[in-house]
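Below are the chains, spelled out letter by letter.
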Amino acid sequence: MVRRHELSDEEWDVLSGLLPRTETGRPRRDDRVALNGIVWKLRTGSAWRDVPERYGSWRTLYTRFRRWALDGTFTLMLQTLQAREDAAGDIDWLVSVDSTITRAHQYAAGARKKGQSPQPSAHHHALGRSRGGLTTKIHLACDGRGRPLGFLLTGGNDCTQLEQVLQQVKVSRQGPGRPRTRPDHLLGDKGYSSRKRRSYLRKRGIPHTIPERADQRANRRRRRSNGGRPPAFDTERYKQRNVVERCFNALKQYRAIATRYDKTRESYEAALTIASLLMWI
């Protein structure tokens, strides 16, 4: 019987073929049970120690989660699934970009105790102090169906990262050839409207629909003929940008993503990767 917050049979059929296999060593705990425990923890936002005993020892779950997070297993699973979907022509390359802020719980701020060696900075772990306290900003690019193609973490007080988040979009080919990195069209809100970013997109040959900010429009009109032509804007196409908002809503159904409890960037990225992976199934 599939319980609440556990993998369905369809999800497990897909994931079971993506998990790493080991031929040596002691038989490890059933992968489906372990993944169910990890997903249950992420969906509920509970502490590792509070994961129900039916999933086994919480130490085993945490160890496997951290090992697969650090060795790139979760990332490879996501990339493999994206490559399959692209080969089947199931990716809509009308890409939308946006960012959202998540509040970091006090558990995420691991202060250095007296006598301990210095720890990596909060900036290294994508924690920034803003008016609301410690926060993390998720920069995301999703396809036209609202499925994550790539994401980037920064401190919550950082500005938009268009160039950097587009560099995270790398959909591998199942056959020969370099990974696909360029969208057919890009949608973004006014936060991405700047001459530098539009120039970057033109150099890469990426057509885009980004509204012009009021101050930029006023400055261009004030300069008259020297201000240049207004950027092209497709009103009907821009209406489709709401898919990235729906993507964020789906990701934040995982309470461990809506509120950050993880101290390290690697663990929080792994949580986002697992949630993104399940959205592709």
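Please refer to the structure higher up on the page.
Residues numbered from 1 in each chain as written. Predicted model: local features only at pLDDT ≥ 70, side-chain atom pairs only at ≥ 80, totals over all residues. Heavy atoms only, no water.

## Details of the overall build of the protein
Line of reasoning, step 1. For the protein, the helix and strand inventory stands at 11 helices and 7 strands.
Line of reasoning, step 2. For a compact globule of 281 residues, the expected C-alpha radius of gyration is about 19 Å, and the protein comes in at 21 Å, within 12% of that figure.
Line of reasoning, step 3. Overall, the C-alpha framework of the protein stretches about 75 × 50 × 30 Å when taken along its three principal axes.
Line of reasoning, step 4. Each of the 281 residues in the protein was classed as buried or not, and the buried ones make up 47%. (Helix = DSSP H or I, 4+ residues; strand = E, 2+ residues; numbered from the N terminus. Rg over C-alpha atoms; globule rule 2.2 N^0.38 Å. Buried < 20%, exposed > 50% of the residue type's maximum accessible area, 1.4 Å probe, protein only.)

## Concerning the packing of helix α2 (residues 31-44) against helix α3 (residues 58-70)
Line of reasoning, step 1. Between α2 and α3, whose axes approach to 10 Å, the crossing angle comes to 90°. Taken as axis vectors, α2 and α3 run roughly perpendicular relative to one another. Residues D31, A34, L35, G37 and I38 of α2 form the contact with α3, whose own contacting residues are L61, R64, F65 and W68.
Line of reasoning, step 2. Taken together, the residues that form the contact of α2 with α3 break down as 6 nonpolar, 1 polar and 2 charged. (Axes fitted to C-alpha atoms, helices over the stretch in contact; angles between N-to-C directions. Parallel < 35°, antiparallel > 145°, perpendicular 65-115°, else oblique. Contact = heavy atoms within 4.5 Å. Nonpolar A, V, L, I, M, F, W, Y, C, P; charged D, E, K, R; others polar.)

## Considering unusual backbone geometry
Line of reasoning, step 1. A positive phi angle, close to 70°, is found at H5, a residue other than glycine.
Line of reasoning, step 2. One can find H5 in the segment before α1 (9-16).
Line of reasoning, step 3. The phi angle at A126 is positive, at roughly 60°, despite the residue not being glycine.
Line of reasoning, step 4. With respect to the secondary-structure elements, A126 resides in the loop between β1 (94-104) and β2 (128-130).

## A few points about a positive patch on the surface
Line of reasoning, step 1. On the surface, a cluster of positive charge is made up of R195, R202, R222 and R223.
Line of reasoning, step 2. The topology assignment puts R195 in helix α6 (residues 195-203). (Patch = residues over 30% accessible without salt bridge, like charges linked within 9 Å, V, L, I, M, F, W, Y side chains within 5 Å. Areas by Shrake-Rupley, 256 points an atom, 1.4 Å probe, with all protein chains shown as cover. Salt bridge = Lys/Arg side-chain N within 4 Å of Asp/Glu carboxyl O. Lys, Arg positive; Asp, Glu negative; His and termini not counted. Charge placed at Lys NZ, Arg CZ, Asp CG, Glu CD.)

## Description of the packing of aromatic side chains
Line of reasoning, step 1. Overall, the coordinates contain 5 aromatic pairs when judged by the stated rule.
Line of reasoning, step 2. For the pair W48 and F65, a centre-to-centre distance of 5.3 Å together with 50° between the ring planes defines the contact as tilted. Placement of W48 in the loop between α2 and α3 and of F65 in helix α3 is noted, with a sequence separation of 17 residues between them. Each member of the pair, W48 as well as F65, carries the same accessibility label: buried.
Line of reasoning, step 3. Aromatic pair W68 and F74: ring centres 5.9 Å apart, planes at 85°, arrangement edge-to-face.
Line of reasoning, step 4. On the basis of relative accessibility, which here comes to 2%, the residue W68 falls in the buried class.
Line of reasoning, step 5. In this structure F74 comes out as buried when scored by relative accessible area, which is 3%.
Line of reasoning, step 6. The structure contains a cluster of three or more aromatic residues connected by ring pairs, namely W48, Y62, F65, W68 and F74. (Phe/Tyr/Trp six-rings, centres within 6.5 Å; stacked < 30°, edge-to-face > 60°.)

## Observations regarding the pairing of β1
Line of reasoning, step 1. When you tally the buried positions in β1, you get 8 out of 11 residues, the bulk of the element.
Line of reasoning, step 2. Bridge analysis of β1 against strand β3 (residues 133-142) gives 8 bridges, and the strand direction is antiparallel. Bridge pairing in β3 places D98 opposite L140.
Line of reasoning, step 3. Relative to strand β7 (residues 259-260), β1 is paired through 2 bridges, and the arrangement is parallel. Note on β7: the bridge partner recorded for R103 is T259. (Pairing = 2+ DSSP bridges.)

## Some details on the environment of W40
Line of reasoning, step 1. By the element assignment, W40 lies in helix α2.
Line of reasoning, step 2. We classify W40 as buried; its relative accessible area is 15%.
Line of reasoning, step 3. Residues W40 and R3, spaced 37 residues apart in sequence, show a C-alpha to C-alpha distance of 9.7 Å.

Take it as geometry only, folks, not as evidence of what the structure does.
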